[in-house]
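An overview of the molecular structure
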Amino acid sequence: MSQATLRTTTSRRAFVAGLAAAPALASPAFALVAVPGASHPDAALFALEDKCAAAWAHSEVIGKRWDQVEKTMIEWERRNPKPAWPRCANPEAENLLLQVLGSFVEGGNASEVAVPVLTEDAKVALGEQVDAMRQNSEWSARERAAKADCAFDFVEAEWEASVDALADLLNEAAAFRAATPEGLRCKVRIACIRSEERRVG
């Protein structure tokens, strides 16, 4: 995992803000779904506002945990840079490596690959590649252990689920056309999730 693949706190919160802002003020021509026994024409919209607020609060709680584990892994990688993999400049060694890797990809047995008589230069180049492969494998194992220690994968999945849930509710809110001034103000409050995100972010 490189720092380029780690999404920053800013970008993630901006994503949530974008979800909140875009649809909430829209008023597509959809009829309001009536709530049986409801006394207010916009009762369903008000109920949805409560759900949006709860989902936003939940995403904020999970988001703080995600911020921490993301920073933990960024710092871990800063202290444990991924080993460089040197380019194989020897055609003999490169060809043998491609055959071995191809055998793995196809589900074959690498030991069945015929090994030609290699020049000394090819042996040196092949040794460098094998060493780089070992170092990268060890680094990947350490990275997995570091992720497990901070529950990175679990918290990331939890965060993304909270964002998806919030997005679903906001999309649902966008499908309502307010029937009263109070309903319009409700839609504005839902849109203000973006302003709240900017304040706390």
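Thresholds applied
Residues numbered from 1 in each chain as written. Predicted model: local features only at pLDDT ≥ 70, side-chain atom pairs only at ≥ 80, totals over all residues. Heavy atoms only, no water. Helix = DSSP H or I, 4+ residues; strand = E, 2+ residues; numbered from the N terminus. Expected span 1.5 Å × (residues − 1). Buried < 20%, exposed > 50% of the residue type's maximum accessible area, 1.4 Å probe, protein only. Axes fitted to C-alpha atoms, helices over the stretch in contact; angles between N-to-C directions. Parallel < 35°, antiparallel > 145°, perpendicular 65-115°, else oblique. Left-handed = near helix turned anticlockwise from the far one by under 90°. Phe/Tyr/Trp six-rings, centres within 6.5 Å; stacked < 30°, edge-to-face > 60°. Patch = residues over 30% accessible without salt bridge, like charges linked within 9 Å, V, L, I, M, F, W, Y side chains within 5 Å. Areas by Shrake-Rupley, 256 points an atom, 1.4 Å probe, with all protein chains shown as cover. Salt bridge = Lys/Arg side-chain N within 4 Å of Asp/Glu carboxyl O. Contact = heavy atoms within 4.5 Å. Nonpolar A, V, L, I, M, F, W, Y, C, P; charged D, E, K, R; others polar.

1. Here's the deal with helix α5 (residues 152-174)
- Over its 23 residues, α5 runs 33 Å from end to end, which matches the ideal 33 Å to within 8%, given 1.5 Å per residue.
- Within the sequence span of α5, burial applies to F152, V155, E156, W159, S162, V163, L166, A167, L169, L170, A173 and A174.

2. As for the packing of helix α2 (residues 43-79) against α5
- Axis separation between α2 and α5 bottoms out at 8 Å; the angle between their running directions is 155°. For the element pair α2 / α5, the angle class is roughly antiparallel. As for the relative orientation of α2 and α5, their crossing is left-handed in sense.

3. Some points on unusual backbone geometry
- One non-glycine residue, A151, lies in positive phi territory at about 55°.
- Checked against the element boundaries, A151 lands in the loop between α4 (120-149) and α5.
- Relative accessible area serves as the criterion here: at 31%, A151 is assigned to the partly exposed category.

4. Notes on the packing of aromatic side chains
- By the definition in use, this model includes two aromatic pairs.
- For the ring pair W66 and F152, a centre distance of 5.1 Å and an interplane angle of 55° mean the geometry is tilted. Linking W66 in helix α2 with F152 in helix α5, this pair joins segments that are 86 residues apart in sequence. F152 matches W66 in its accessibility class, with the two residues each being buried.
- Note on W76 and W139: the rings are 5.6 Å apart at their centroids and 50° apart in plane angle, and the pair reads as tilted. Of the two residues, W76 is situated in helix α2 and W139 in helix α4; the sequence distance between them amounts to 63 residues. By the burial criterion, W76 is buried, and W139 matches it.

5. Let's talk about a nonpolar patch on the surface
- Residues W85, L101 and M133 make up a contiguous nonpolar surface patch of roughly 280 Å² in combined accessible area.
- You can see W85 is positioned in the loop between α2 and α3 (91-105).

6. Focus: the packing of α2 against helix α6 (residues 181-191)
- Close contact between α2 and α6 brings their axes to 10 Å; oriented N to C, the two are set at 20°. On the basis of their axis angle, the class for α2 and α6 is roughly parallel. Crossing hand, α2 versus α6: left-handed. Taking contact as the criterion, the partners of L45, F46 and E49 in α2 are, on α6, E182, G183, C186, K187, R189 and I190.
- Taken together, the residues that form the contact of α2 with α6 break down as four nonpolar, one polar and four charged.

Geometric values such as these leave the question of function open.
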